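Chain by chain, the residues run as shown.
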Amino acid sequence: MGKLWNDVRGYDETMEAFAQTCADLQVDYLDMYMLHWPRPHKYHDNYIEMNAASWKAMEDLFKAGKVRSLAVSNFKVHHLEELMERAEIMPVVNQVEFHPSCLQTEIRTFCAQHNIAVQGYSTLDNGKVFQCPEIEQISRELGVSVAQLCTRYAMQHGVTPLVKSVNAERIRDNLKLDFTLDVQMMQRIDAITTCGGSYKDSDEIIF
Ligand SMILES: NC(=O)c1ccc[n+]([C@@H]2O[C@H](COP(=O)([O-])OP(=O)(O)OC[C@H]3O[C@@H](n4cnc5c(N)ncnc54)[C@H](OP(=O)(O)O)[C@@H]3O)[C@@H](O)[C@H]2O)c1
């Protein structure tokens, strides 16, 4: 898997970046190539054309068999609509921030309607969920860890969780997910409005 980084846009530039990624990874093709962030329209009037030109290059890489699937990240509904109006090949994945208090409901609904799988990054809000009293309370009631609770929560919302740890024991423990959250528990977590609050608006900033 590889990402087209934020500062690269345009057909030729995308082709060059892809070749560099393959050279760095010493591979001939990628299973997935992801457009990491839409150009924020706050800074670029022609952001739609810039995204579309990169996407066209990605489509040609797909047609040439150099990429097996195409994806986007941090695309809001209007970014997806603008891309899809101009695209021949649709993204199969949209990777967006997802954790308690950042539910991305509009994006998830749109993606479900268009067969785009949603991957959720910062499942633990980059560690901030550990400071959320409601999450701490629910995890204690269920006898599971905060990390397990948030991971399971993402999965039950149809989101593929991307949980990160550099600690082998935590990675193993985070994967123990043999429990289910009932409707009431899901609703309690859905109702949490602040939980770190690091949501990044891809129309406003580049992250
Ligand atoms: N597409 C994008 O724009 C985008 C943006 C941000 C991130 N991402 C991707 O999403 C992935 C995860 O996001 P994230 O980095 O924000 O991470 P995250 O999974 O939300 O949080 C990671 C933090 O939680 C800690 N942690 C993990 N398990 C724990 C446990 N059981 N107990 C206590 N602390 C625990 C980790 O510390 P330790 O490592 O010390 O365990 C780390 O500080 C990354 O792989 C990244 O590539 C994508």
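The model shown is predicted, which means the values in this text are computed figures rather than measured ones.

Just to check I follow, could you spell out the site of the ligand for this structure?
For the ligand, the set of nearby residues contains 23 residues, the closest of which are Gln-95, Ser-122, Asn-126, Ser-165 and Arg-170. At 3.5 Å from a nitrogen atom of the ligand is found a side-chain nitrogen or oxygen belonging to Lys-3. Here the residues of the shell around the ligand sort into 9 nonpolar, 10 polar and 4 charged.

Please explain the sheet that holds strand E4 (residues 93-97) as it appears in this structure.
Strand pairing in a sheet takes place through backbone hydrogen bonds and is either antiparallel or parallel in direction. Taken together, the 6 strands give an open sheet; going across it, the order is E1-E2-E3-E4-E5-E6, and neighbouring strands pair in parallel fashion. Across the chains shown, the open sheet's two edge strands, defined by having one partner strand only, are strand E1 (2-4) and strand E6 (159-162). Sheet twist, expressed as the average angle between the axes of neighbouring strands with direction ignored, equals 30°. Where strand E3 (residues 70-73) lies against E4, 3 bridges are found, and the strand directions are parallel. Paired with Val-72 across the bridge in E4 is Asn-94.

I tried to follow empty space enclosed by the protein on my own but got confused; where do I start?
Empty space among the atoms becomes visible once a probe the size of a water molecule is rolled across them. Going through the model one piece at a time under the given rule, you end up with 2 cavities of 30 Å³ or more. When its volume is computed, the largest cavity comes out at roughly 80 Å³. Lining the largest cavity are Asn-74, Phe-75, Lys-76, Val-96, Glu-97, Gln-104, Ile-107, Tyr-121, Tyr-199, Lys-200, Asp-201 and Ser-202. When the residues that make up the lining of the largest cavity are grouped by side-chain class, the tally is 5 nonpolar, 3 polar and 4 charged. Every residue along the wall of the second largest cavity is listed here: Ile-48, Asn-51, Ala-52, Phe-75, His-79, Glu-82, Leu-83 and Arg-86. Contributing elements (two or more residues each) for the lining of the second largest cavity: helix H2 (47-63) and helix H3 (77-86). Considering each element in turn, the lining of the second largest cavity owes the most residues, 4 residues, to H3.

Rules used in this analysis
- Residues numbered from 1 in each chain as written.
- Predicted model: local features only at pLDDT ≥ 70, side-chain atom pairs only at ≥ 80, totals over all residues.
- Heavy atoms only, no water.
- Near = heavy atom within 4 Å.
- Polar contact = N/O pair within 3.5 Å; in protein donor to acceptor, adjacent residues only side chain to side chain.
- Nonpolar A, V, L, I, M, F, W, Y, C, P; charged D, E, K, R; others polar.
- Pairing = 2+ DSSP bridges.
- Helix = DSSP H or I, 4+ residues; strand = E, 2+ residues; numbered from the N terminus.
- Axes fitted to C-alpha atoms, helices over the stretch in contact; angles between N-to-C directions.
- 1 Å grid on protein atoms, 1.4 Å probe; cavity = no way out; pocket = protein on both sides within 12 Å on 5 of 7 lines; lining within 4 Å.
- Points joined across faces, edges and corners; volume = space filled by probe spheres on them.

That's the geometry; what it means functionally is another story.
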